[in-house]
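Each chain, letter by letter, is given below.
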Amino acid sequence: MRRFLRPGHDPARERLKRDLFQFNKTVEHGFPHQPSALGYSLSLRILAIGTRSGAIKLYGAPGVEFMGLHRENNAVVQIHFLPGQCQLVTLLDDNSLHLWSLKVKGGVSELQEDESFTLRGPPGAAPSATQITVVLPHSSQELLYLGTESGNVFAVQLPAFCTLEDRTISSDAVLQRLPEEARHRRVFEMVEALQEHPRDPNQILIGYSRGLIVIWDLQGSRVLCHFLSSQQLENICWQRDGHLIVSCHSDGSYCQWPVSRDTQQPEPLRSCVPYGPFPCKAITKIFWLTTKQGLPFTIFQGGMPRASYGDRHCISVVHNGEQTAFDFTSRVIDFTVLVEAGPGAAFDDPYALVVLAEEELVVIDLKTAGWPPVQPPYLASLHCSAITCSHHISNIPLKLWERIIAAGSQQNTHFSTMDWPIDGGTSLAPAPPQRDLLLTGHEDGTVRFWDASGVCLRLLYKLSTVRVFLTDTDPSESLNAQGEDEWPPLRKVGSFDPYSDDPRLGIQKIFLCKYSGYLTVAGTAGQVLVLELNDEEAEHAVEQVEADLLQDQEGYRWKGHERLCARPGPVCFEPGFQPFVLVQCQPPAVVTSLALHSEWRLVAFGTSHGFGLFDHQQRRQVFVKCTLHPSDQLALEGPLSRVKSLKKSLRQSFRRIRRSRVSSRKRRPAGPPGEVPEGSTRAERAGLQNMELAPVQRKIEARSAEDSFTGFVRTLYFADTYLKDSSRHCPSLWAGTNGGTVYAFALRVPPAERRMDEPVRAEQAKEIQLMHRAPVVGILVLDGHSVPLPEPLEVAHDLSKSPDMQGSHQLLVVSEEQFKVFTLPKVSARLKLKLTALEGSRVRRVSAARFGSCRAEDYGEHHLAVLTNLGDIQVVSLPLLKPQVRYSCIRREDVSGIASCVFTKYGQGFYLISPSEFERFSLSTKWLVEPRCLVNSAETKNYSRPCNRSSPEKASGQARNSGSQSDGEERRSGPVMEHALLNDERAVVIGVLSEWLWGTASATGEDAPKLLSLYLLLQRNEQDARPGCTMNTHY
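Every value quoted in this text rests on a predicted model; they were computed, and no experiment measured them.

The rules behind these values
Residues numbered from 1 in each chain as written. Predicted model: local features only at pLDDT ≥ 70, side-chain atom pairs only at ≥ 80, totals over all residues. Heavy atoms only, no water. Helix = DSSP H or I, 4+ residues; strand = E, 2+ residues; numbered from the N terminus. Buried < 20%, exposed > 50% of the residue type's maximum accessible area, 1.4 Å probe, protein only. Contact = heavy atoms within 4.5 Å. Areas by Shrake-Rupley, 256 points an atom, 1.4 Å probe, with all protein chains shown as cover. Pairing = 2+ DSSP bridges. Axes fitted to C-alpha atoms, helices over the stretch in contact; angles between N-to-C directions. Arc of directions from axis to C-beta. UniProt positions renumbered as here; feature names shortened; annotations may be inferred. Polar contact = N/O pair within 3.5 Å; in protein donor to acceptor, adjacent residues only side chain to side chain. 1 Å grid on protein atoms, 1.4 Å probe; cavity = no way out; pocket = protein on both sides within 12 Å on 5 of 7 lines; lining within 4 Å. Points joined across faces, edges and corners; volume = space filled by probe spheres on them. Nonpolar A, V, L, I, M, F, W, Y, C, P; charged D, E, K, R; others polar. pLDDT = per-residue confidence, 0-100. Salt bridge = Lys/Arg side-chain N within 4 Å of Asp/Glu carboxyl O. Phe/Tyr/Trp six-rings, centres within 6.5 Å; stacked < 30°, edge-to-face > 60°. Lys NZ or Arg CZ within 6 Å of the ring centre and 35° of its normal. Core = buried A, V, L, I, M, F, W, Y, C linked by side-chain atoms within 4.5 Å. Expected span 1.5 Å × (residues − 1).

Undergrad: Would you mind going over the overall build of the chain in detail, with residue names and values included?
TA: Along the backbone of the chain there are 10 helices and 62 strands. For the chain, with 1035 residues in total, the buried portion stands at 54%. Partitioning the intrachain contacts of the chain with sequence separation of at least 6 by distance along the chain shows that 62% fall at a separation of at least 24. Accessible area of the chain: about 46,100 Å², with a carbon and sulfur share of 48%.

Undergrad: Go over the sheet that holds strand 42 (residues 576-586), please, and point to the residues and values.
TA: Strands sit in the order 36-37-38-42-40 across an open sheet of 5 strands; the sheet is mixed. In the strand order of this sheet, the two ends are held by strand 36 (507-512) and strand 40 (543-548), each with one partner. Recorded for the sheet is a direction-independent mean angle of 20 degrees between the axes of neighbouring strands. Relative to strand 42, strand 38 (residues 527-534) runs antiparallel, the two being bridged by 8 bridges.

Undergrad: Break down helix 1 (residues 11-20) for me, citing the residues and quoting the values.
TA: Since there are 3.6 residues in each turn of an α-helix, residues three or four apart along the chain are aligned in direction. Taken as a whole, helix 1 has its buried residues at Lys17, Asp19 and Leu20. Looking straight down helix 1, one finds its buried side chains confined to an arc of 160 degrees; they lie on one side. Exposed residues on helix 1 whose side chains face more than 90 degrees from its buried face are Pro11 and Arg18. The elements touched by buried residues of helix 1 are strand 1 (21-30), strand 55 (843-852), strand 56 (860-868), strand 58 (883-888) and strand 61 (917-924).

Undergrad: Explain the UniProt feature "repeat: WD" (unreviewed entry) in the chain to me, and be specific about the residues and the numbers.
TA: Mapped onto this structure's residue numbering, the UniProt feature "repeat: WD" (unreviewed entry) falls at residues 433-451. A distance of 13 Å separates the end C-alpha atoms of residues 433-451, which is 0% helix and 63% strand.

Undergrad: Can you break down the environment of Thr925 residue by residue, with the values?
TA: Along the chain, Thr925 falls in the loop between strand 61 and strand 62 (933-934). When its relative accessible area of 1% is taken as the criterion, Thr925 is described as buried. Looking at Thr925, its side chain comes within polar contact range of the main-chain oxygen of Asp19, at 2.5 Å.

Undergrad: Describe empty space enclosed by the protein, listing the residues and the values that go with them.
TA: Evaluation of the coordinates by the stated rule reveals 4 cavities of 30 Å³ or more. Of the volumes computed, that of the largest cavity is approximately 50 Å³. Glu28, His29, Gly30, Tyr59, Glu65, Tyr378, Leu379, Val455, Cys456 and Leu457 are the residues that line the largest cavity. Looking at the lining of the largest cavity element by element, the count peaks at 3 residues for strand 1. Its residues assigned to classes, the lining of the largest cavity shows 6 nonpolar, 2 polar and 2 charged.

Undergrad: How would you sum up the sheet that holds strand 10 (residues 132-137)? Please name residues and give values.
TA: As a general point, the strands of a sheet are linked pairwise by backbone hydrogen bonds and lie either parallel or antiparallel. The sheet built from 4 strands is open, its strands ordered 10-11-12-13 with antiparallel pairing. Edge strands, defined here as strands with exactly one partner in the open sheet, are strand 10 and strand 13 (162-169). Within this sheet the neighbouring strands show an average axis-to-axis angle of 30 degrees, counted without direction. Direction of pairing for strand 11 (residues 143-148) relative to strand 12 (residues 153-157): antiparallel, over a ladder of 5 bridges. By the bridge assignment, Gly147 is partnered in strand 12 with Val153.

Undergrad: Tell me about unusual backbone geometry, and please be specific about residues and values.
TA: Backbone torsion omega between Leu158 and Pro159 reads 5 degrees, so that peptide bond is classified as cis. Its location among the elements puts Pro159 in the loop between strand 12 and strand 13. In this chain, Trp487 is followed by Pro488 through a cis amide linkage whose omega measures 0 degrees. The topology assignment puts Pro488 in the loop between strand 34 (458-464) and strand 35 (490-492).

Undergrad: Can you break down the confidence of the model for the chain residue by residue, with the values?
TA: Across the chain, the average pLDDT comes to 83, with 79% of residues at 70 or higher. Element-level mean pLDDT values for the chain span from 41 in helix 9 (residues 983-997) up to 98 in strand 44 (residues 602-606). Confidence drops under a pLDDT of 50 for residues 640-647, and excluding neighbours within four residues, the segment shows 7 contacts in the predicted structure. Low pLDDT (under 50) marks residues 950-1035, which in the prediction has 144 contacts with non-local residues, meaning those over four places away or in another chain.

Undergrad: With reference to specific residues and values, describe the pattern of salt bridges.
TA: Summed over all chains, the structure comprises 34 salt bridges. Residue Glu340 pairs with Lys367 through a salt bridge whose shortest N-O separation is 3.7 Å. Highlighted residues: Glu340 in the loop between strand 26 (332-339) and strand 27 (350-357) and Lys367 in the loop between strand 28 (361-365) and strand 29 (373-374), separated in sequence by 27 residues. Shared partners join several salt bridges into a network, and the residues in it are Arg714, Glu816, Glu817, Arg842 and Arg844.

Undergrad: So, the packing of aromatic side chains: which residues are in play, and what are the values?
TA: As enumerated under the stated definition, the model contains 25 aromatic pairs in all. Measuring from ring centre to ring centre gives 5.4 Å for Tyr59 and Tyr378, while their planes differ by 20 degrees; the resulting arrangement is stacked. Taken together, the positions of Tyr59 in strand 4 (residues 55-59) and Tyr378 in the loop between strand 29 and strand 30 (387-393) put the pair 319 residues apart, joining distant regions of the chain. Judged by its relative accessible area of 5%, Tyr59 is buried. By relative accessible area, which is 3% here, Tyr378 ends up buried. Here the guanidinium or amino end of Lys285 rests over the ring plane of Phe335, the centre of that ring lying 5.2 Å away.

Undergrad: I'd like a rundown of the pairing of strand 6 (residues 76-81), residues and numbers included.
TA: As judged from the 5 bridges shared by strand 6 and strand 7 (residues 87-92), these two strands associate in the antiparallel manner. Residue pairing for strand 7: His80 is matched across the bridge by Val89.

Undergrad: An account of the side chain of Thr741 is requested, with residue identities and associated values reported.
TA: Mapped onto the elements, Thr741 comes out in strand 49 (residues 741-748). Within polar-contact distance, the side chain of Thr741 engages the side chain of Gln769 at 2.5 Å. Here Thr741 is in contact with Ala735, Gly736, Glu767, Ile768, Gln769 and Val776, once residues within four sequence places are set aside.

Undergrad: Give a description of the nonpolar core that names residues and reports values.
TA: Across soluble globular proteins, nonpolar side chains show a tendency to be buried alongside one another. Within the largest apolar cluster, 35 residues are counted, with the highest numbers of intra-cluster contacts made by Trp734, Leu811, Leu812, Phe819 and Leu864. With 6 residues, the top contributor of residues to this core is strand 51 (residues 776-782). With 34 residues, the next largest nonpolar core counts Leu400, Val466, Val571 and Phe577 among its residues.

Undergrad: Can you tell me about the pairing of strand 3 (residues 46-51), naming the residues and giving the values?
TA: For a regular strand, the rule is simple: side chains alternate between the two faces of the sheet. Extensive coverage of strand 3 is indicated by the burial of 6 of its 6 residues. Because side chains alternate across strand 3, one face comprises the buried residues Ile46, Ala48 and Gly50, and the other comprises Leu47, Ile49 and Thr51, equally buried. Strand direction decides the pairing type here: strand 2 (residues 35-41) and strand 3, joined by 6 bridges, are antiparallel. Note on strand 3: the bridge partner recorded for Ser41 is Ile46. Once strand 2 ends, the chain turns through 4 residues before running back antiparallel as strand 3, passing Arg45 with a positive phi of about 55 degrees. Examined bridge by bridge, strand 3 and strand 4 share 4 bridges and lie antiparallel to one another. Residue pairing for strand 4: Leu47 is matched across the bridge by Tyr59. Between strand 3 and strand 4, which pair antiparallel and follow one another directly, the connecting turn spans 3 residues, one of which, Gly54, has a positive phi of 95 degrees.

Undergrad: Describe helix 5 (residues 398-409), and please don't skip the residues or the numbers.
TA: Between its first and last C-alpha, helix 5 extends 16 Å over 12 residues, near the 16 Å set by a 1.5 Å rise per residue. Every buried residue belonging to helix 5 is among Leu400, Trp401, Ile404, Ala407 and Gly408, and all of these are buried. Seen from one end, helix 5 has its buried residues packed into an arc of 130 degrees, which puts them on one side. Contact partners of the buried residues in helix 5: strand 32 (437-442), strand 33 (446-451), strand 34, strand 38 and strand 42.

In structure tokens form, the structure reads like this:
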């Protein structure tokens, strides 16, 4: 019984664990899933997006991000910022209103929900009486006007959400104040629009769905002017000077109405159907914006000809005789226009159009000729084509980084040079300490390179493999090509394009060597491309080599998809990664594993039929190995085939159940239970109660060799280690299969001077069969110091210590159900760890990572980061295989999230929480990337548009030491201290104090008292300030 006792806890080790491991979900990269509402603050210059799941996300300058979640998982219908305040109101589809505030806590701003409110009607009233259709925050900052389906407009006081009955504008009150000729029409249905007079806050514009528009005097409770339209009203816009109203209607028309108190019911100055004369769809929203040049901008959504273009999602811009209908590939949720003018300016002068579509955010530069799009530094449409795989590379060398950016900049010439216009708030994060890349493979055969160094995930470069193959569409032809005289003047914008020409183009595996610049990608139809980085455009033929993985097998017939046909002759490639050789696997099954060793110039690839080794320097195949079992008929059907052997699957399931029952009977003790003495039973029970038991490791059931896909190659690994004997180490290739088999091949790589003359040779040296036959998901070799072997060329670039080749090496084999350490070269079992978890737990992802201490700068440990099918993440020590920590990260039902998870070399990770979003998490206390930002008070913001630049702005990010983090108490707000510090000086002081207070910078003995005095001065000013105002400096 002693062997079941858990060893005693080591307090020193527990303290060290706290310095090494800490789990945090830090930031969400990408585009919010299923957006449903858009809001923008002109004063804060911050954008808000609401989703159908009840999330609300705020974005400002790069690195300024906030996220909130409503307690109810209802869709966000509308978002409205309160004028001049760091507050916003959201309307949900359950008719509830919620007040949110940006409050300063611990030196940074946080988004918090303050109040919630549901509009209630009198007892017995219909639900439509209080169903909110439109929200108007009044400029007094104290009132909300709520239009409802019943035609009534309610006034609600903020921030307490108190309904003011005496200020309610009922439809009956409006009807009584209309002329006699207007009362007989059924004009009162729901309120479609509410707008405040741009010059007079005592007047509001009310638009009803039946076509009635009234200007209501809030003080006198009377109708100042009314307008009647023959068409159903969709929305209205008030010109900045208040002398003109523009309404849009359900028949695709818009009308201009002059505002005059002399004429009670004027006729429209102009009624226009932009895309008539044939029936058109409704114009659902319109902006009429004035400019200093005199000619206004007319921007509206919809209005396209119903028969020919009724399925298009368009926003049209009309100005100075130029008209463009921007065509989006997904439904437009909402849009807004950014203007230079402040509240009291004479002209609007719009400079940017911001469109929230269902799958992406698009910003159009309205100041530059041609109205080009602006490249976003965040909110990237990750799923512009469905993500099929991902690969992370840490600490990219500067030279490779600059070459990738240079190649990407040549792809972005169609973007505007305008700076990102949504630039509110201040990021307090320092520059990232290193450059990280996240590569995503997509269904359309593209690989996208993302800057994953900080908070913002920014697209650097896009690689397309389509040019290598013959497809239905010519890659050189433009989908946006349209004649100049065609009408409507459509122009496709945005990057979202979910349609793939051929599903076989999908990228399944990616491997990049950051030192040599070699890249290899593998796809769905067995294609393996090897590419190298070229700074110039080139035209050359791609050499093709076929790898027949079934060359020694007979009687097998591939039932899946055909291979892709390579394009014959020279192909023109743009600057960037250019393919020079194509290895085509036969049968053309999905490539399931990939490895690249750029120092040896070798590429290993595996499918469900076997694996092979290719020498990309000599352009020749080294060897292939078939791993197909005679029973693996399903491996010959391919991923696109729907032919499945249901009978065989059921038979295998019943066999497992039967084996489990038989083995459980064999474990029962012999003899009747009555023969056990009662006293002995009591003693054992008492002893068990007084001791701490070790967690029970569940029994691993052996799998049959007849299970399907046993030859499926799960992992490939290159290592320079002792494989044949203990006196000489040599290059080797290791492969693990789905049936628990590990193959080891010894390689002979000629020296550099004879590399092109002599072939690379390989011979099988080892074959390990795990007893339980669980799939092998990871292979790792540890050097004499029990440290994982460095990456190829890492030692040559002085970025890693040379591995210890004096001591004995160890082989770690990770299967879905256990970890096992073998000694090399004898391959004798040394240690093993069965996965201790709930029944059904399996290892899904495993990666070696270095965890640095948050206290000692030069101390770190190498461990395994492990993800299971239950969504748990564990850290297991090397080489003793002792579990260190365990965290619950992903919901076990989220199969796609678990399958998409990728670990980094420094204890971070990414996984898809939706088709368009990566969740970033950290297991390390030292490496923590999260937004830390401060939003300034609205009064100090200017309204000038961003200036143009010569190159796209780099997004800033953050990686900080969380050991110096502490949660400060929320401070009481105070006014702007213009008397104490100038704006520029205050910004400098904020930066210095933030770095000093939060431990990112050190102060000398002379500086510390000065900084402390300045901090106390700021605190005293803050305490003396009057409540209710916001201050630019908070600590």
